[in-house]
Amino acid sequence: VCFIPDGLDCSISFVSHVLGKVCVHGRQKEILGVLVPHLTDLTKSDCIWQRICWRLVECVPDRWMEAVVLGFVQRAPGADVLSRLLGNLVVKNRKAQFVVTQKMLLLQYGHTTAVLQNLLGYLSLDSLRRTLLLRVLQELLETWSSSSAVKHSPAEQQLYISKAILICLSHLKEPEIESCRQELLTSMMEGVKCHLDSSLTQLRRLGMVVAESISSKINTEGPVLKFEYEEDDETRELKSLLVQTPPFCVVPSLPDDDRSEKAGAALPLVPESSEKPHTAAPAMPDEELDAELDSDDDLTPYDMSEDKELKIKTPVYIRDCIEVLTGSRAEDVDKWEATVKALESLVRKNPAATREVSVELAKILLHLEEKTCIEGFVELRQRAQVAILTTDPIPVAKYLTSQFYSLNYSLRQRMDILDVLVLAAQELSCPKFHGKTKHSGAQKPCIQLLPGSDSSKDWRRIVDERIKSKTRRFDMGRSHVELASCPNEFNSVAGHFFFPLIQHFDRPLTTFDLLGEDHLVLGRLVHTLAILMYLAVNTVAVTAMGKALLEFVWALRFHTDSYVRQGLLSCISSLLLSVPTDRILADMTEELLETQSWLGDVMEKDPDGDCRRLALQNLLLMENLKKKLEAVPS
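Reading the values: the criteria
- Residues numbered from 1 in each chain as written.
- Predicted model: local features only at pLDDT ≥ 70, side-chain atom pairs only at ≥ 80, totals over all residues.
- Heavy atoms only, no water.
- UniProt positions renumbered as here; feature names shortened; annotations may be inferred.
- Core = buried A, V, L, I, M, F, W, Y, C linked by side-chain atoms within 4.5 Å.
- Buried < 20%, exposed > 50% of the residue type's maximum accessible area, 1.4 Å probe, protein only.
- Helix = DSSP H or I, 4+ residues; strand = E, 2+ residues; numbered from the N terminus.
- Contact = heavy atoms within 4.5 Å.
- Phe/Tyr/Trp six-rings, centres within 6.5 Å; stacked < 30°, edge-to-face > 60°.
- Lys NZ or Arg CZ within 6 Å of the ring centre and 35° of its normal.
- Salt bridge = Lys/Arg side-chain N within 4 Å of Asp/Glu carboxyl O.
- Patch = residues over 30% accessible without salt bridge, like charges linked within 9 Å, V, L, I, M, F, W, Y side chains within 5 Å.
- Areas by Shrake-Rupley, 256 points an atom, 1.4 Å probe, with all protein chains shown as cover.
- Lys, Arg positive; Asp, Glu negative; His and termini not counted.
- Charge placed at Lys NZ, Arg CZ, Asp CG, Glu CD.
- Expected span 1.5 Å × (residues − 1).
- Polar contact = N/O pair within 3.5 Å; in protein donor to acceptor, adjacent residues only side chain to side chain.

If you check an unreviewed UniProt entry, the chain appears there as Telomere length regulation protein TEL2 homolog from Dryoscopus gambensis. Among the UniProt annotations of the chain, the heading Sequence similarities (unreviewed entry) holds the following wording: "Belongs to the TEL2 family."

So, about the nonpolar core. Judged by nonpolar contacts, the single largest core of 95 residues is most densely connected at Phe-404, Phe-490, Phe-497 and Leu-525. Sort the elements by how many residues they give to this core and helix H27 (residues 519–535) lands first, with eleven residues. The contact partners of Phe-490, leaving out residues within four places of it in the chain, are Ala-425, Leu-428, Ser-429, Phe-497, Leu-532, Leu-535, Ala-536 and Thr-539.

Here the focus is the packing of aromatic side chains. Under the defined criterion, the tally for this structure stands at six aromatic pairs. With a centroid separation of 4.8 Å and an interplanar angle of 80°, the aromatic rings of Phe-505 and Phe-552 are classed as edge-to-face. You can see Phe-505 sitting in the loop between helix H26 (494–503) and H27 and its partner Phe-552 sitting in helix H28 (residues 542–556), a full 47 residues away along the chain. We classify Phe-505 as buried; its relative accessible area is 13%. Taken together, the ring pairs in this structure connect Phe-404, Tyr-405 and Phe-512 into an aromatic cluster. Over the ring of Trp-64 we find Arg-63, and its NZ or CZ is 4.4 Å from the ring centre. It is Arg-414 that lies over the ring of Phe-512; its NZ or CZ is 4.0 Å from the centre.

Okay, the pattern of salt bridges next. Applying the stated criterion across every chain, the model contains 25 salt bridges. Where Glu-237 meets Lys-163, a salt bridge forms, and the shortest distance between an N and an O atom there is 3.4 Å. Of this pair, Glu-237 sits in helix H15 (residues 233–241) while Lys-163 sits in helix H11 (residues 155–171), placing them 74 residues apart in sequence. With relative accessibility at 31%, the residue Glu-237 sits in the partly exposed group. Among the residues examined, Lys-163 registers a relative accessible area of 12% and is labelled buried. Note that Arg-412 is salt-bridged to Asp-416, the shortest N-O span being 3.2 Å. In this pair, Arg-412 and Asp-416 are both assigned in helix H24 (residues 411–429), four residues apart and thus about one turn of the helix distant. Look at Arg-412 and you get partly exposed, because its relative accessible area is 43%. A residue is classified by how much of its surface remains accessible, and Asp-416, at 12% relative accessible area, is buried. Residues participating in the shared-partner salt-bridge network are Glu-344, Arg-348, Glu-379, Arg-383 and Glu-427.

Turning our attention to a negative patch on the surface. The grouping of Glu-551, Glu-590, Glu-591 and Glu-594 at the surface amounts to a negative patch. Per element, the largest residue contribution to the negative patch is three residues, and it comes from helix H31 (residues 589–605). Along the polypeptide, Glu-591 turns up in helix H31.

The next point concerns H28. Residues separated by three or four positions in an α-helix point in the same direction, a consequence of the helix having 3.6 residues per turn. Taking 1.5 Å per residue as the helical rise, H28 with its 15 residues ought to reach 21 Å, and the 21 Å between its terminal C-alpha atoms agrees with that figure. Along H28, the residues classified as buried are Val-542, Thr-543, Met-545, Gly-546, Ala-548, Leu-549, Leu-550, Phe-552, Val-553 and Leu-556. Buried positions along H28 lie against H26, H27, helix H29 (562–578), helix H30 (581–587) and H31.

Here the focus is a nonpolar patch on the surface. A contiguous nonpolar patch, built from Phe-14, Val-15 and Val-18 and spanning about 290 Å² of accessible area, is present on the exposed surface. Within the element layout of this structure, Val-18 appears in helix H1 (residues 13–24).

The subject of this paragraph is the side chain of Thr-113. Looking at where Thr-113 falls in the secondary structure, it is placed in helix H8 (residues 113–124). Take Thr-113: its relative accessible area is 16%, and that puts it in the buried class. One polar contact links Thr-113 to Lys-163, side chain to side chain, over a distance of 3.1 Å. Once residues within four sequence positions are removed from consideration, Thr-113 is found in contact with Lys-163, Ile-167, Glu-237 and Leu-241.

The following block contains the structure:
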């Protein structure tokens, strides 16, 4: 540190220029890693050094201001330190104000939570900067409540904006909340609506958490919003941001003696009487005493130790199950529960009897509602539906696919139909395992293909499984399960599962519009078609299914919902993996060239990270296809 003798005036603009030049050339870490700790110590109690530090950053030219401000915000150990180092720079310098209030919050989303806390805490620590804090909160809420932003921005940016909103709310004071209560309420209602409309579970949960936090701030005394969702580390972190931690919570380590003294001093004073385990009984009014004397607590209970629970007779015939499930008598509740639990095994044991009433039974189960609280009711019903569909595939598949586009069904029922079709197709397409294996740890190599929100992981696993199955490995140490050769039962019925689902997607109904507001069901439908396409490998209809699926994908390729786009890209993966190479080259060459161009655009421009990864995966599959073509002798 240099000292200026005799009170001479000096200018530090040259130092500011050097600092800006070094930072803009990518050496922020090296110079600020040394400079910020020194300035932090010097400005703790010396107002002259504070003014020097303020002047240092104020004299940085605008073209280098962003790099300097960003470096200070990232390396300051706390908001109070950042306030000492920068002063009211954001009020005096327009460039710094743009970087702090716009670029770092709305245009970027890669900064850590600690950087956000530094930044917004800095804005809250001075009365001149608090107006900027309120303006920032308003702009963040406008972005958060914009349906266009929710659809077209990545989930990581939505999480970043949600964190910034919660940190801003933690810094608001009661008069400030009162002044913008109506704006907060309006933004909350609009934002939670567009988040709940999203097909992605993460975005829906983000909307719920932020709406709950805003509601708790604006309704301190009245009822607040409360949603039901599964908490994870992300939601717990978000909720913790609403509680402001004091800047002096970090305590330096102390010697053992001092630490014990401090800890002893911090303990609350406990009265001596509290050490005794017995406490005096409170005085009771006469009315309560009389009521206690009149109670039935002194009556001797009946001895029920030898009582036996009555066993409910489980139905033996399929038609008995139909009679019980369609009955309305209240005394048959126990019998109804036993029927629901036994139905799957009964269907599989009596395939001939099931085929006689398969469609009727499928209709009953599709409309079946839970009469009593049975553990795992949804799973029991689904397994029974799958058993019926695998026992009599063609008529039941025709019924279910026709009901998917019928009137008077809820979205939940339509998605249940898709789940049952997927599980049944998987069961029909998997070979039956026979024989013994010497290695007890060997598992059945089938893939659990339930359509879910995290489709990219499922499809990466699918591709890995297919690559693994086509890779020759010389392994003498492990035994493998012996597969008995048997026909693929899905071969003859694949078209009945697939084509009815793909026919009427563009025909809106009164209560069902796949291309409109029901995009969640559209996403599930697209993922279902992708899975059916994958399971149809080596079937007769696979080429026709591939051509129809490619036309379907091409019609929806610019859909605004990221979950739908992920499903479309998964469809391309299934097509490339399932349709024979010679049929792809003979029947779909032009379509694949157009698809390749579209995949290149998705990989470069799509805001969703999973979509970009799936597009890259498909391009690699196409490249392998091209290499295979070049390797074939002409």
